[in-house]
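Observations on the three-dimensional arrangement
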Amino acid sequence: DFFMTRNEKGLCLTSINHSNPFIYCCFKLVTLCMMKSFALLLLSFTNVHVTKAFSTSSFPTNSKGTILFSTPDIYTPTELPDSMEDGAQIAAEACAKYWESNGEVAARCRVDFDTSIGDETFTLLKTSTEFMQQMVTFLCYGLIPGLQERRMEEMMRVSKARSALRELGEVDDGESEEMQSKREECMTIIRNDGKVANDNDENDKDAPVARIYFPDEGNAALARRDWADLVPNCVQFSSCGGMTSSKIDVENDMLVFFFCPKASESQYVEELLLETETKSKKLKLTVFVNPVLVDMGVTGFGMAGRMLRERLIDPLPYTYYLRTLSWGALTRVWPQAFSVWQEDENAEGGYRLIKALSRLPSNPEVEDIYDIENGLASPKAEGGGVLDQLGDFVNGMMKL
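Residues numbered from 1 in each chain as written. Predicted model: local features only at pLDDT ≥ 70, side-chain atom pairs only at ≥ 80, totals over all residues. Heavy atoms only, no water.

On to the pairing of strand β5 (residues 235-239). Residues in a regular strand project their side chains so that they alternate between the two faces of the sheet. The buried fraction of β5 amounts to four of the five residues, a majority that puts the element mostly inside the structure. Here strand β4 (residues 209-214) runs beside β5; their pairing, made up of five bridges, is parallel. By the bridge assignment, Tyr213 is partnered in β5 with Ser238. The parallel pair β4 and β5, bridged by helix α7 (residues 217-226), forms a crossover whose chirality is right-handed. (Buried < 20%, exposed > 50% of the residue type's maximum accessible area, 1.4 Å probe, protein only. Helix = DSSP H or I, 4+ residues; strand = E, 2+ residues; numbered from the N terminus. Pairing = 2+ DSSP bridges. Right-handed = clockwise from strand over helix to strand, strands pointing away.)

Quick look at the structure:
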């Protein structure tokens, strides 16, 4: 054992005198303390960097610290729905599942449903109205507390009323006033679909609200007239922009739907969204249904359109996507993959899967997938020169 000493020549190594137990023990004690201090310092430094490297802060989280894993599962293709009602239910379940994965705090998502196959006879709002009615109904029953139980009670009243009418039999001219009153009461219950005045949320100022924003007041007024018996009582109808939008009380809004918002209403949509997320403490989910917020003639595709897309549109995950094609369909249910299906009478269900992707493909990409699958084109090599990319761009523009 050696230790460092200083003499007239400078620093030098001096051997320990093992014959002096006191000096030897002191040297050992000092050396041991220095080694432990160095080890603790090294361990703390290493622990800091390891903690930073593997900290959950490197993953996307919500305000509660819950890690969000929203990466599409490209190994799980999305099946096609059996019907429009089935698709609406699947879309509602996907939205609810996304909200739960978000830590049950206010979230945003989008749903796209287009079965027009390019037919512009009717607007997208018109062709997706029935789907919207059913999806809103399913989502309200799934996320608004007590609504599902109330619906079960209404269905039970209707069942009992129909049973009572069967017991009363056919109308008899000689039946008593009591029987006539009971018959009228049962018919009223059936006519109102089991709803009674005491269950009406309009009398409760603090009742949760599901609000649907239409592009204009005309469509909102038509919905108030035609949707009343097709959606729950908690649903209210509003419009983007106009005088009425500034008078809306959004404090009790729990679900918010922007139904086919247009580029011309993009400023109002952002203002309403910000106001709702700021004022409503009950807000769970905001769903954009068939949004068209970027348009060449309104927002343009320049700086304004790009900023709007980056600020509002791009962060929205596709919780449900269904677009029918002339030869098949493109669909997606969060968090599964975008799946391209082709009609095939020999396949089970009449469709076969030809491609699953982790992102939404563009229109030219979808057509290329079909052409390659059916031998109409050869698979493209990775990369390609400038002329190849220019040719792809021109072909894509011609297919629009």
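At their nearest, the axes of helix α5 (residues 147-168) and helix α6 (residues 177-191) sit 9 Å apart, and the two run at 145° to each other. Considering how the two elements wind past one another, α5 and α6 form a crossing that is left-handed. Counting all contacts with α5, which are made through Arg157, Val158, Ala161, Arg162, Ala164, Leu165 and Leu168, the residues of α6 involved are Met179, Lys182, Arg183, Cys186, Met187, Ile189 and Ile190. Along the lines of polarity and charge, the residues of the contact of α5 with α6 split into ten nonpolar, no polar and four charged. (Axes fitted to C-alpha atoms, helices over the stretch in contact; angles between N-to-C directions. Left-handed = near helix turned anticlockwise from the far one by under 90°. Contact = heavy atoms within 4.5 Å. Nonpolar A, V, L, I, M, F, W, Y, C, P; charged D, E, K, R; others polar.)

The share of residues in the protein with pLDDT of 70 or more is 69%, and the mean pLDDT across the chain is 76. In the predicted structure, residues 9-13 sits below a pLDDT of 50 and forms eleven contacts with residues beyond four places in sequence or in another chain. (pLDDT = per-residue confidence, 0-100.)

One pair of aromatic rings is described through two measures. These are the centre distance and the angle between the planes. Scanning the entire structure with this criterion turns up 14 aromatic pairs. Measuring from ring centre to ring centre gives 5.6 Å for Tyr318 and Tyr321, while their planes differ by 75°; the resulting arrangement is edge-to-face. Of the residues examined, Tyr321 reaches a relative accessible area of 8% and is grouped as buried. Both rings, one in Trp327 and one in Tyr370, keep their centres 4.4 Å apart while their planes meet at 25°; by these two values the pair is stacked. On the criterion of sequence distance, the pair formed by Trp327 in the loop between β8 (318-324) and β9 (328-333) and Tyr370 in helix α10 (residues 363-373) is long-range, its members being 43 residues apart. Taken together through their ring pairs, the aromatic side chains of Phe214, Trp227, Phe237 and Phe259 make up a single cluster. (Phe/Tyr/Trp six-rings, centres within 6.5 Å; stacked < 30°, edge-to-face > 60°.)

This part takes up α10. Regarding α10, the residues found buried are Val366, Ile369 and Asp371. Positive phi shows up at Gly375, right after α10, with a value of about 75°.

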